[in-house]
Amino acid sequence: MKDQSCGKLTRLGRIFDHQSGRALVVALDHGLVGNLPGIEDLPSTLDKVVQAQPNAVVVSAGAMSRLSPTIRGQCGIILTIDTFLSSSIPRSDAMGEAHRLLASAEEALALGADAVKVFLIGGQEDLDAFADNVVRVGQTAQMCNRWGLPLIVEPTLWGSKVAREQKNDPELVKHMCRIALESGADVLKIPNPGPEVVTQLVNDTPCPILIMGGSKVDSEELMIEGVREAIEAGADGIVYGQNVWQRDDPAALIKKLSRIIHSK
Amino acid sequence: MKDQSCGKLTRLGRIFDHQSGRALVVALDHGLVGNLPGIEDLPSTLDKVVQAQPNAVVVSAGAMSRLSPTIRGQCGIILTIDTFLSSSIPRSDAMGEAHRLLASAEEALALGADAVKVFLIGGQEDLDAFADNVVRVGQTAQMCNRWGLPLIVEPTLWGSKVAREQKNDPELVKHMCRIALESGADVLKIPNPGPEVVTQLVNDTPCPILIMGGSKVDSEELMIEGVREAIEAGADGIVYGQNVWQRDDPAALIKKLSRIIHSK
Amino acid sequence: MKDQSCGKLTRLGRIFDHQSGRALVVALDHGLVGNLPGIEDLPSTLDKVVQAQPNAVVVSAGAMSRLSPTIRGQCGIILTIDTFLSSSIPRSDAMGEAHRLLASAEEALALGADAVKVFLIGGQEDLDAFADNVVRVGQTAQMCNRWGLPLIVEPTLWGSKVAREQKNDPELVKHMCRIALESGADVLKIPNPGPEVVTQLVNDTPCPILIMGGSKVDSEELMIEGVREAIEAGADGIVYGQNVWQRDDPAALIKKLSRIIHSK
Amino acid sequence: MKDQSCGKLTRLGRIFDHQSGRALVVALDHGLVGNLPGIEDLPSTLDKVVQAQPNAVVVSAGAMSRLSPTIRGQCGIILTIDTFLSSSIPRSDAMGEAHRLLASAEEALALGADAVKVFLIGGQEDLDAFADNVVRVGQTAQMCNRWGLPLIVEPTLWGSKVAREQKNDPELVKHMCRIALESGADVLKIPNPGPEVVTQLVNDTPCPILIMGGSKVDSEELMIEGVREAIEAGADGIVYGQNVWQRDDPAALIKKLSRIIHSK
Amino acid sequence: MKDQSCGKLTRLGRIFDHQSGRALVVALDHGLVGNLPGIEDLPSTLDKVVQAQPNAVVVSAGAMSRLSPTIRGQCGIILTIDTFLSSSIPRSDAMGEAHRLLASAEEALALGADAVKVFLIGGQEDLDAFADNVVRVGQTAQMCNRWGLPLIVEPTLWGSKVAREQKNDPELVKHMCRIALESGADVLKIPNPGPEVVTQLVNDTPCPILIMGGSKVDSEELMIEGVREAIEAGADGIVYGQNVWQRDDPAALIKKLSRIIHSK
């Protein structure tokens, strides 16, 4: 991260731990596509999370102004400025795929963000939908450069042209990461492709890589083990949501994960 | 509402009563999709309504400049800046679903608005129509942040993919409210989901919730009883239209409702 | 005021009473040139004033964001967006005369103002200082037209070229009022030139005229009598500061003045 | 005028008579530098003037929004968008010379103007003051070209470096007219240099020339005779103020002048 | 601070401790007017300071990009965006007084600042110099409102019209604080006026007050005692420079001061 501009270096220092260089991030932006158990009362869940001192949280730009009195700058703040919708009826069967920007990097800055996060979604039925998503990443990256605001990109293969079993295919994940990088990502957030691919990606990728949690894993132990593996494989941290706040004691879990992530 | 910016705090104080913290709002923007008995002579109906001192009225941005000599800043002013059209022949059978912005937050501000209102419509046949509606809410929210103008969002399930009997389904209503919030709503206007769901939503939602009236309920007593129930369940006020100005004495009714809403 | 644009008409309706058409305004912007007994603890004094329900208050644009939780839109808000300094040592002997704009009409709008107020100061030693002041009024007026924001101008003869005994000379006051009007004022705030001149000015001037209070008059009775005379002479209201909040019970006085101003 | 752009041609058609090609304009913008008998109650004087159907009136941009209900588009509207101040005490002995723009061509357009008028003042003590005035004319001209708004320039020799007896010197007047033209004037408004010079100027100048009235001439007959002479010498019309509305029956006079100007 | 906008609330949370609500800030921006023992090797001094974990540091906007790899977002960052020069030969006898802005709030934001700091200097020989300084504060405040960036103002009486023994006169300090507030300050940084005046100011001032250190006090014990007194009198923290990094062990001192400031 040493080669970043002044603003980006400063703001990344709010997200990545100064000792370990790694980050434990908790995502709470799922409401963009509807309610979810665990964050129905978002300010209350957020409060518990912030008290446990993760390095940063991810929240939507739209909800940020109401959430700021809870966060009060106590941890890094990553704003999700886009949305990916698959149905016009929330939390229903997929009808298609629609990615949109809801806010700009400038607006995120005025809200006090330390970084913005956008999707780079591959595999759409409609090539233009993919191309327009790439443009949204590229243009946000240029605006982020202007303002010294780090850009976190989450490359996925959620498009319906990619079969379910291929969505975590290491080669495809690596391709998507590369496009994200070439489009201007400062940090990548990716699904866990397993320790080997993590190591490969970390070696090949000139920017930090954060592993995401996805849907809730039943066994907390297995989930924690996955985090340990990823970190040992070289990951720069994690962005976990449901796997944190859908458990009984999110605060205790955050402290446990923190030790794993920052220990080495 | 304490955590709002200077401009939003000031303008919300023009809509919500300083003692009770609640709002009695009368909607008169129905002409955006055609004529309706009771508002055929809009300035005259509006005059009666304003004389009865509701906290605020809802009118369309397009008609506002002609209506301002009637309102003269005597109550809060909420401008509807979008439209939802279902037929190219007014008040005819639905042909489809089309949501559009007619004015911007900046234009509403120049007209003297205290807040703007937009729809967030779910259940469209076309996913892009839904996604574009979410974008209109999100981008209006950012502009409203810039100018200190409160944004009222009305989440509905008017899209034809949602069966008539499901349009007030509590789970769907809650999902839609959540999307509205994450997209930047400062206040929600929702159909009445019954006292229990109102209480749940009020507890979970970090912003005021206003209950809408919908089509005229035959019995005035039943209608009033519904308002009382909603307020007792925790609602922050109402936005009623036809149920006010399609009755014989709107002014008397407004005063009656005002006592119910602001008494406690 | 009937002929104003939509935004101006709406916002003037927040300052002038709907029944009497007149305004009781309390000024609390004196801190722009240093402390003053009675407003040392500004939020507390402001709170008392607002509770007594004047039509509007005048505060500085710089202090507004901290004052908004006290005002909460409970009365009209007029923002002073300029300053007139006569010494580089606060509240000391005059060294010269310096007028400056500190904020723009757009910024006042974002803060939730119902109007902005600027000085038009005559009698400077330096003609350019006068001309630049006229320009600040004229250009602010144009911006106010664009945004539907009323402009209140306070013409004075504070420049040191005008002898003390001439500063309220009726002819000079009328000239200054005229220049203020031609430069775009929507409302005038003037020193009390006595009932006869008030009547003349009101007859000749196609905009509301508010009488200012100036330094504290010892006798409260005399002060109140002056207000009564001005209102009977045709003034559209008053803008009083020290004469309100340097007394023992500002709230009681405001209510007394309110009856005088709005009774007829 | 044939070679004008679409917007300028259309708007000049609101000022110059379609039959005679000439214009009778009444100026009422004198309040920019203080009060004056005859326009103390400006709306009332303006009303009488407009009823008598001159081709156009000249009013200040600042006062225009309040005057529009009187004019209501019944005649051409020329907005004065600058001011020339000679003292910081209105209508007092000259202290110096200060020219300023108070509004822009764009703002005049938004107010409904058919043309804007600015001074081009020669003879200042300070060369920079002259140069800055030329710039204001030149830049306004460019803006007027962009928007199709005619620019009327009034070249004068009011600067104190020019002796009183030289202020109407034909050679100097012709020089100033030429600079005005080269700076972008579409129409010139000049003091009456006598019939011979008028004829010369009209022959040499590729734009309409309007003769101004100046201070009140005691004899109405002499004054009328001067107008007749100027028109016969080729002038394209007049811009008269005090010589119209400081007389007993401005309406009758306007009709008399109109016959003279448009008869031939 | 509860009433701040989202961006300001978030960024103030980077400067004021979440538990105590107070701030220990170390200033290192003295190089703007020349070299000084203790910060000749600025990155090295800054590194020691940052390691000791103060709440924030003050550095110049001009040097920030070179300092960011040392700070890395490990503490709050306040950028000094102006300069006050008294001689054209650095660190020489005063020739006059010149205040200038070197950077804007927008530029500070792009560098990653959590707040900007400007002087409000009273007592200049030239009134215009004072008025222009007030304008710089006022206009920076408006820009800071737009971007959610806190504005720290340091009112002083450094102008040569104020005698040395009056520069900390409590009445003058209070006047200057008041002007700073009305011009838009979010936080004040003031010389230590003694515990009684601190208590008065804290009670009257609706924003945090930080006490500055000034020139090095010989006795470290006395200096520490002064901090303890100010905090006990109600100050919201300190901004100390030479008194920190001109001592033998700045890091140890910072930890000692931290205990005093955050203990209660």
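Above this text sits the structure in question.
What about the overall build of chain A?
Phase 1 of the analysis: Scanning chain A for helices and strands turns up ten helices and ten strands.
Phase 2 of the analysis: Relative to a compact globule of 264 residues, whose C-alpha radius of gyration would be 18 Å, chain A shows 17 Å and is just as compact.
Phase 3 of the analysis: Considering only C-alpha atoms, chain A reaches an extent of 45 × 40 × 40 Å along its principal axes.
Phase 4 of the analysis: Residues counted as buried form 61% of the 264 residues belonging to chain A.
Phase 5 of the analysis: Taking as baseline every contact in chain A between residues at least 6 positions apart, the subset at least 24 positions apart corresponds to 67%.

Examining the interface of chain A and chain B
Phase 1 of the analysis: Opposite the 36 residues of chain A that make contact, chain B presents 35 residues.
Phase 2 of the analysis: Around 2,900 Å² of area is buried between chain A and chain B when both sides are counted, 59% of it from carbon and sulfur atoms.
Phase 3 of the analysis: Scanning the region where chain A abuts chain B turns up three salt bridges.
Phase 4 of the analysis: In this structure, the salt-bridge partner of Asp128(B) is Arg100(A), at a minimum N-O distance of 3.0 Å.
Phase 5 of the analysis: Summed over the shared surface of chain A and chain B, the number is eleven residue pairs in polar contact (both at pLDDT 80 or more).

Here's the deal with the interface of chain B and chain C
Phase 1 of the analysis: With 28 residues of chain B in contact, the opposing surface of chain C contributes 28 residues.
Phase 2 of the analysis: At the boundary of chain B with chain C, total buried surface from both sides reaches about 2,300 Å², with 57% on carbon and sulfur atoms.
Phase 3 of the analysis: Of all residues in chain B, the largest losses of buried area upon contact with chain C belong to Cys6(B), Arg14(B) and Arg72(B), amounting jointly to 27% of the total for that side.
Phase 4 of the analysis: At the boundary of chain B and chain C, one finds ten residue pairs in polar contact (both at pLDDT 80 or more).

Some words on the nonpolar core
Phase 1 of the analysis: Within the largest apolar cluster, 166 residues are counted, with the highest numbers of intra-cluster contacts made by Leu28(B), Leu79(B), Leu28(C) and Leu79(C).
Phase 2 of the analysis: Sequence-distant contacts of Leu79(C), defined by excluding residues within four places in its chain, comprise Val59(C), Ser60(C), Ala61(C), Met64(C), Ala108(C), Leu111(C), Ala113(C), Ala115(C), Val116(C) and Lys117(C).
Phase 3 of the analysis: Core analysis: the second largest hydrophobic core is formed by 153 residues, Cys6(E), Ala113(E), Val116(E) and Val173(E) among them.

With respect to the packing of aromatic side chains
Phase 1 of the analysis: Counted according to the given criterion, the structure contains 13 aromatic pairs over all chains.
Phase 2 of the analysis: Lys117(B) extends its terminal NZ or CZ atom over the ring of Phe119(B), reaching a point 3.9 Å from the ring centre.
Phase 3 of the analysis: One cation-aromatic arrangement involves Arg146(D) over Trp147(D); the distance from NZ or CZ to the ring centre is 4.5 Å.

Considerations on the relation of the copies chain A and chain B
Phase 1 of the analysis: When chain A is fitted onto chain B, the two copies agree to an RMSD of 0.1 Å after a turn of 72° and an axial shift of 1.1 Å. With respect to symmetry, the two chain copies, as superposed, fit the operation of a five-fold axis. It is Asp128(A) whose C-alpha, among those of chain A, lies nearest the rotation axis, at 11 Å.

Thoughts on the relation of the copies chain B and chain C
Phase 1 of the analysis: Between chain B and chain C, which share one sequence, the superposing operator has a rotation angle of 179° and an axial displacement of 0.1 Å; the RMSD is 0.1 Å. The transformation relating the two chain copies, once decomposed into turn and shift, fits a two-fold axis. Identified as the residue of chain B closest to the rotation axis by C-alpha distance is Leu109(B), at 4.1 Å.
Phase 2 of the analysis: Most of the interface of chain B is mirrored in chain C: 100% of its interface residues are interface residues there too.

Digging into the pairing of strand S2 (residues 56–60) of chain E
All names here are of chain E.
Phase 1 of the analysis: Of all five residues that make up S2, five are buried, and the element is covered over most of its length.
Phase 2 of the analysis: Of the two faces of S2, the one holding Ala 56, Val 58 and Ser 60 and the one holding Val 57 and Val 59 are both buried throughout.
Phase 3 of the analysis: Two strands pair when backbone bridges link them, and strand S1 (residues 23–27) and S2 are joined in this way by three bridges, in the parallel orientation. Among the inter-strand pairings, Val 26 is bridged to a residue of S2, identified as Val 57.
Phase 4 of the analysis: As a crossover connection, the stretch from S1 through helix H2 (residues 42–51) into S2 is right-handed.
Phase 5 of the analysis: Across five bridges, the pairing between S2 and strand S3 (residues 76–80) is parallel.

Side note on a negative patch on the surface
Phase 1 of the analysis: A cluster of acidic residues, Glu125(A), Asp126(A), Asp128(A) and Asp132(A), forms a negative patch on the protein surface.
Phase 2 of the analysis: You can see Asp128(A) is positioned in helix H5 (residues 127–147).

Description of the side chain of Asp29(E)
Residues and elements named next belong to chain E.
Phase 1 of the analysis: Along the chain, Asp 29 falls in the loop between S1 and H2.
Phase 2 of the analysis: For the buried Asp 29, which has no salt bridge, the nearest side chain bearing the opposite charge is Lys 117, at an N-O separation of 4.9 Å.
Phase 3 of the analysis: Leaving out residues up to four positions away in the same chain, Asp 29 has contacts with Val 58, Val 59, Ser 60, Thr 80 and Lys 117.

What about the environment of Ser92(E)?
Residues and elements named next belong to chain E.
Phase 1 of the analysis: With respect to the secondary-structure elements, Ser 92 resides in the loop between strand S4 (82–85) and strand S5 (98–101).
Phase 2 of the analysis: Judged by its relative accessible area of 31%, Ser 92 falls in the partly exposed class.
Phase 3 of the analysis: Expressed as a C-alpha distance, the spacing of Ser 92 and Gly 34, which sit 58 residues apart in the sequence, is 9.8 Å.

Considerations on the packing of helix H2 (residues 42–51) of chain C against helix H3 (residues 61–71) of chain C
Residues and elements named next belong to chain C.
Phase 1 of the analysis: Packing of H2 against H3 brings their axes to within 9 Å, and their N-to-C directions diverge by 40°. On the basis of their axis angle, the class for H2 and H3 is oblique. As H2 runs across H3, the sense of the crossing is right-handed. Side by side, H2 and H3 meet where Leu 42, Pro 43, Leu 46, Asp 47 and Val 50 of the first sit next to Leu 67, Thr 70 and Ile 71 of the second.
Phase 2 of the analysis: Its residues placed into classes, the contact of H2 with H3 shows six nonpolar, one polar and one charged.

About the thresholds
For every chain, the first residue of its written sequence is number 1, and the numbers climb from 1 along that sequence. Here every chain gets a letter starting at A, and every ligand a number starting at 1, in the order they are written. Reporting in this predicted model follows two pLDDT cut-offs: at least 70 for local features of residues, and 80 or more for side-chain atom pairs to be given and counted; totals over whole chains, interfaces and linings ignore these cut-offs and use all residues. Hydrogens are left out, water is left out, and the side-chain values use all remaining heavy atoms of the structure. Helix and strand labels come from DSSP, where a helix needs a run of H or I of at least four residues and a strand needs a run of E of at least two; each type is numbered from the N terminus. The atom set for the radius of gyration is the C-alpha atoms, and the globule formula is 2.2 Å times the number of residues raised to the power 0.38. Think of it in three bands: with a 1.4 Å probe and only protein chains considered, a residue is buried below 20% of the maximum accessible area for its type, exposed above 50%, and partly exposed in between. Residue contacts follow a heavy-atom distance rule, with two residues in contact if any of their heavy atoms lie within 4.5 Å. Put simply, buried area is the surface a 1.4 Å probe can reach on two separate parts but cannot reach once they are joined, added for both. Think of a salt bridge as a Lys or Arg side-chain nitrogen and an Asp or Glu carboxyl oxygen that are within 4 Å of each other. Under this definition, polar contacts are N or O atom pairs within 3.5 Å; protein pairs additionally need one hydrogen-donor-capable and one acceptor-capable atom, and for neighbouring residues in sequence, both atoms have to be side-chain atoms. In these notes, a set of buried Ala, Val, Leu, Ile, Met, Phe, Trp, Tyr and Cys residues joined through side-chain atoms within 4.5 Å is what counts as a nonpolar core. Planes of paired rings set the category: under 30 degrees apart is stacked, over 60 is edge-to-face and the rest tilted, where pairs are Phe, Tyr or Trp rings (Trp by its six-membered ring) whose centres lie within 6.5 Å. Geometrically, a lysine NZ or arginine CZ counts as sitting over a ring once it is within 6 Å of the ring centre and also within 35 degrees of the ring normal. Copies overlap after least-squares fitting; the atoms used are the C-alpha atoms of residues with pLDDT of at least 70 in both. Strands pair, by our definition, only if DSSP identifies at least two bridges between them. When the strands point away from the viewer, a crossover counts as right-handed if the path from the first strand over the helix to the second runs clockwise. Exposure above 30% relative accessible area and no salt bridge define the residues that can form patches, which grow by joining like charges within 9 Å and nonpolar side chains of Val, Leu, Ile, Met, Phe, Trp and Tyr within 5 Å. Using a 1.4 Å probe, accessible areas were evaluated by the Shrake-Rupley method; residue-level cover was limited to the displayed protein chains. Lys and Arg are tallied as positive, Asp and Glu as negative. Neither His nor the chain termini are counted. Charge placement uses NZ in Lys and CZ in Arg. For Asp and Glu, CG and CD serve respectively. For helices, the fitted axis covers only the stretch in contact; all axes are lines through C-alpha atoms, and the angles between them, taken along N-to-C directions, range from 0 to 180 degrees. Roughly parallel means an angle under 35 degrees; roughly antiparallel, over 145; roughly perpendicular, 65 to 115; everything else is oblique. Here a crossing is taken to be left-handed if its near helix is turned anticlockwise relative to the far helix by less than a right angle, and right-handed if that turn runs clockwise. Three classes are used, and their members are as follows: Ala, Val, Leu, Ile, Met, Phe, Trp, Tyr, Cys and Pro are nonpolar, Asp, Glu, Lys and Arg are charged, and the others, Gly among them, are polar.

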